[in-house]
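Each chain, written out:
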Amino acid sequence: MKRIVFLCLILLIFTAHSSAQSVSISGKVIDEATNEPIHNVEVQDTFSKLGVTTDLNGNFIIKLDHPEQIILTFSHIAYKTVEKDLTTSNSRTGITIRMQENPEELHEVEIMGISVTDKPYRTEHIDITMIEQSNLQDVGAFLRGIPNVNGIRKGAMGIDPVIRGFKYSQLNVQVNGGTRIEGGCPNRMDPATAHVDLSDLKDINIVKGPFALKYGVNFGGMIDLTTYRPLFYDQYQTHVKALIGGQTNHAGFKTKVGVNGGNRFMNYNVTGSWKKYGDYKAGNNEVVPASLEHQSYSAMLGFRVAKKHTIYADADIMKGFNVDFPALPMDERKDDTKLFSLNYMAVDLGRSINFIRFKAYLSDVNHEMDNKNRPFSDTVVAVSTIHARNMGGKLGVNFNIGKAKMEAGADYENIFKDGMRLKHLIMQPMLPSKVEDLWNIASIQNLGVFAEYQLTGQEINWIVSARFDINNANSDPLTRKAMNGDVVYQNEDTKSQYANFSISGGITWHVAEHSDLMVALGRGTRSPDVTERFIILLPVGYDQYDYLGNPQLKPEVNNELDLGYRFNHQKFGNIELSGFYSYVTNYISTEVVPPSEVKPQTKGVLGVKRFINIEKASLTGFEFSYITPSNYSWSAGLSAAYTTGWNPEAIKYVYDNGQVVDEEVIKNDPLPEIPPFEINLNGSYKFFKQKLVPTLRLRYAAAQNRVSESYGELSTSGFITLGLDIKYEFNKMLTVYAGVSNLTNVAYYEHLNRRIIGSNAPLYEVGRVFYANLIFKL
């Protein structure tokens, strides 16, 4: 019976598709100023997402199955997008579309070729409106509202993103399509997302899975943080934008002022921001140390050196002071981060080359932390200083191959990291201070070449990408000495080189007027990072062990299958369902090192673990989302996500009086730090011609009882939170966002939150918070 019903549904879909009345629309696209034809313009139907591109003479023909309402969009990298409503038009053949030149350099995602919504793998987009209305201070905290995107909290900020169970260097986090940042802290209190101010962002784009390989080594997913880029204007203009925000619990404020402007040949954007927050109370009135202070300054200058050639140079400086991390051995005392980049873009270079882009960047992080706020600082005061630098560049050329597009190029990344910890023995002032290496002049260089092929068809879109990387790593000897000078550990075999190959491909099949099916296969290969290779006896993991780097670790490989379905209808809304299965080989895990080989150097830990490769691990999960049509006064959204992962065979160590006395093999042990099933629901209504928009939000996280025995991971309870926010647009110059988060003041903590240092006590999330943000524009 089930088979009969399924076959009937399939037959109904294809019957509706084949029997629908079709209409053919044809025309020509020309330059408004010169009347010259424009080739390679993307013509897309707004509702079905079907699309074609114009030929060398600017001509196009598109066939649609819904003649009752037709709205086409015309987009090109060098021109302003045009939207044409042909619903009531008597003429649908031989139409002429005139496009104006667009002097603004487009952002990376806008020039990917196939529309973001037509990718055969799961993507997420967050725009500036969602960012401005948030009371959150941290990029990682903000990302936790995205399906199957979570974060590891260790303190006041610096929440470390997790996508579908992949984390740390398994994710490709970058700024403005290529700038990479290497954080300083061994415990990742400052992941890459912590070095970008949330208020500086224009939007955020996320790719889930080992796809979009032209953006660099992509193993488990990519996060691209896009800052605001100033526009070119026909006549000189100057604009001012200011933000003032404040809140109650986790009491504090944030301010930002930006000035931007320009003319047809140059533009600029200068900003400055400051935020400061204190400790917060959880829903059970427990006070959590979470104070922080941050300052940031940025400047960007753009030049239109020729009609279709632009150059942008930008500099960003971020400073952090006295940031609390109660789940880590130390707090951040100060952080000094500098980002510099130079970007060149040339567009529409003849009939074959669509664009050429070049980027060079430098990120420099100086990070200092100490344990002066820890109970044991009365016996030992430790101060750590780290210098981390990441520099590199990227060159890409996008050109036409028949009806398809190809982008090919190369990228380079050079990571340098060095750090030391100075220990003062308070109870023994006559003894000399102890200096320990955290890393010892460690470096990694990665040179990659890539290519991506895209073909947009009437019914099927194809995309294939591949990259080849040469990865070299080296460090001075990994050495740890005791107070008397004796060598506790030493490893001089620190060099490694790997040749890595990654490939992905997928199709988007327009099976019916409003329905798409997607299939994508990907193989993403990544070499181990600086910590996995070169860390020297520090407790950097979830469990209570000193960790030891392994310079000879092998690259891990993610082999992933993604399946998806999209439904897009102007009356019924948008539905997207996606599922994935990842089979990871050479998965990077850990093993206990016998005390006879090396003893732990941190008080209170159980022993020493070394990073190793295990044969395999698997992850699987899904995302579901639904959004109501945008043409109604009311709107609602629903999303659900789940991920699970397992190690086929793990080792659980049994301890007695701090010594390993036995070990046990655990079959299909769940991978650690995997978030539970989660649902997000929101609803809003537009009053007074959309000037007033209240939104009610509900979040449900299930209990997580699938925990890793081998890591000693603890289960967590489920919870439900409510939030209410209101947007009111007084006029074009003033918009107010206000609201309350955790409306019912629930005492809860995320499964991925680390435990308070030295205990199993949970790190609770913030209780009820009232907040308001004022946005001024001149």
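Coordinates for the structure precede this section.
All of the points below concern the structure found in this document. Bear in mind the structure is a predicted one, so any value in this text is a computation, not a measurement. (Residues numbered from 1 in each chain as written. Predicted model: local features only at pLDDT ≥ 70, side-chain atom pairs only at ≥ 80, totals over all residues. Heavy atoms only, no water.)

### Considerations on a nonpolar patch on the surface
Then step 1. Taken together, the side chains of Val 449, Val 464, Phe 468, Phe 501 and Ile 503 make up a nonpolar region of the molecular surface, amounting to roughly 400 Å² of accessible area.
Then step 2. The set of elements that each furnish at least two residues to the nonpolar patch consists of β27 (460-474) and β30 (496-512).
Then step 3. Among the secondary structure elements, Phe 468 is positioned in strand β27. (Patch = residues over 30% accessible without salt bridge, like charges linked within 9 Å, V, L, I, M, F, W, Y side chains within 5 Å. Areas by Shrake-Rupley, 256 points an atom, 1.4 Å probe, with all protein chains shown as cover. Salt bridge = Lys/Arg side-chain N within 4 Å of Asp/Glu carboxyl O. Helix = DSSP H or I, 4+ residues; strand = E, 2+ residues; numbered from the N terminus.)

### Here we look at the sheet that holds strand β11 (residues 166-167)
Then step 1. With antiparallel pairing, the three strands of this open sheet are ordered in space as β9-β10-β11. In this open sheet, the two edge strands, each paired with only one partner strand, are β9 (149-152) and β11.
Then step 2. Relative to β11, strand β10 (residues 160-163) runs antiparallel, the two sharing two bridges. When the sheet's bridge partners are listed, Val 162 is paired in β11 with Lys 167. (Pairing = 2+ DSSP bridges.)

### Points about the side chain of Lys 154
Then step 1. Inspection of the secondary structure puts Lys 154 in the loop between β9 and β10.
Then step 2. At 3.2 Å, the side chain of Lys 154 and the backbone oxygen of Arg 188 are in polar contact.
Then step 3. Residues in contact with Lys 154, not counting those within four places in the same chain, are Asp 160, Asn 187, Arg 188, Phe 325, Pro 326, Ala 327, Leu 328, Arg 754 and Leu 763. (Polar contact = N/O pair within 3.5 Å; in protein donor to acceptor, adjacent residues only side chain to side chain. Contact = heavy atoms within 4.5 Å.)

### Points about the packing of aromatic side chains
Then step 1. This model, assessed by the stated rule, comprises 12 aromatic pairs.
Then step 2. Where Tyr 121 meets Phe 211, the ring centres are 4.8 Å apart and the plane angle is 5°; that geometry is what we call stacked. Residue Tyr 121 is located in the loop between β7 (95-99) and β8 (123-126), and its partner Phe 211 is located in the loop between β13 (201-208) and β14 (221-227); the two are separated by 90 residues in the primary sequence. With respect to burial, Tyr 121 and Phe 211 carry one shared label: buried.
Then step 3. Look at Phe 166 and Phe 219: their rings are 5.6 Å apart centre to centre, the planes differ by 90°, and that puts the pair in the edge-to-face class. Highlighted residues: Phe 166 in strand β11 and Phe 219 in the loop between β13 and β14, separated in sequence by 53 residues.
Then step 4. Phe 166 sits in the buried class, given a relative accessible area of 1%.
Then step 5. An aromatic cluster of at least three residues, connected via ring pairs, comprises Tyr 685, Phe 687 and Phe 688.
Then step 6. Its end group placed over the ring of Tyr 168, Lys 167 keeps NZ or CZ at 5.7 Å from the ring centre.
Then step 7. Directly above the ring of Tyr 312 sits Arg 229, whose terminal nitrogen or CZ lies 4.5 Å from the centroid. (Phe/Tyr/Trp six-rings, centres within 6.5 Å; stacked < 30°, edge-to-face > 60°. Buried < 20%, exposed > 50% of the residue type's maximum accessible area, 1.4 Å probe, protein only. Lys NZ or Arg CZ within 6 Å of the ring centre and 35° of its normal.)

### Some details on the pairing of strand β34 (residues 556-569)
Then step 1. Pairing geometry for strand β31 (residues 515-526) and β34, over 12 bridges, is antiparallel. The partner of Ala 520 across the bridge, within β34, is Asp 562.
Then step 2. In sequence, β34 turns back onto strand β35 (residues 573-593) through a hairpin of three residues.

### Points about the pairing of strand β26 (residues 434-456)
Then step 1. Relative to β26, strand β25 (residues 404-425) runs antiparallel, the two being bridged by 19 bridges. Residue pairing in the sheet places Gly 409 in a bridge with Phe 450 of β26.
Then step 2. Where β26 meets β27, 14 bridges bridge the pair, whose relative direction is antiparallel. The residue of β27 that forms the bridge with Val 449 is Phe 468.
Then step 3. Remark: three residues form the turn of the hairpin made by β26 and β27, two consecutive strands paired antiparallel.

### Comments concerning the environment of Leu 517
Then step 1. The topology assignment puts Leu 517 in strand β31.
Then step 2. The class for Leu 517 is partly exposed, based on a relative accessible area of 34%.
Then step 3. Along the primary structure Leu 517 and Arg 188 are separated by 329 residues, whereas in three dimensions their C-alpha atoms are 39 Å apart.
Then step 4. The contact partners of Leu 517, leaving out residues within four places of it in the chain, are Ile 507, Thr 508, Trp 509, Val 511, Gly 564 and Tyr 565.

### Quick notes on the nonpolar core
Side chains that are nonpolar tend, in soluble globular proteins, to be buried together.
Then step 1. Core analysis: the largest hydrophobic core is formed by 47 residues, its most contacted members being Trp 439, Val 530, Phe 534, Ile 535, Tyr 547 and Val 598.
Then step 2. When contributions to this core are tallied by element, the ones reaching two or more residues are β24 (380-401), β26, α4 (530-534), β32 (536-538), β33 (546-548), β35 and β36 (608-627).
Then step 3. It is β26 that contributes the most residues to this core, four residues altogether.
Then step 4. When near neighbours in sequence (up to four residues on either side) are disregarded, Trp 439 contacts Gly 184, Cys 185, Pro 186, Ile 386, Lys 417, Asp 418, Gly 419, Val 530, Thr 531, Phe 534 and Ile 535.
Then step 5. With 34 residues, the next largest nonpolar core counts Ile 163, Ala 192, Tyr 587 and Leu 671 among its residues. (Core = buried A, V, L, I, M, F, W, Y, C linked by side-chain atoms within 4.5 Å.)

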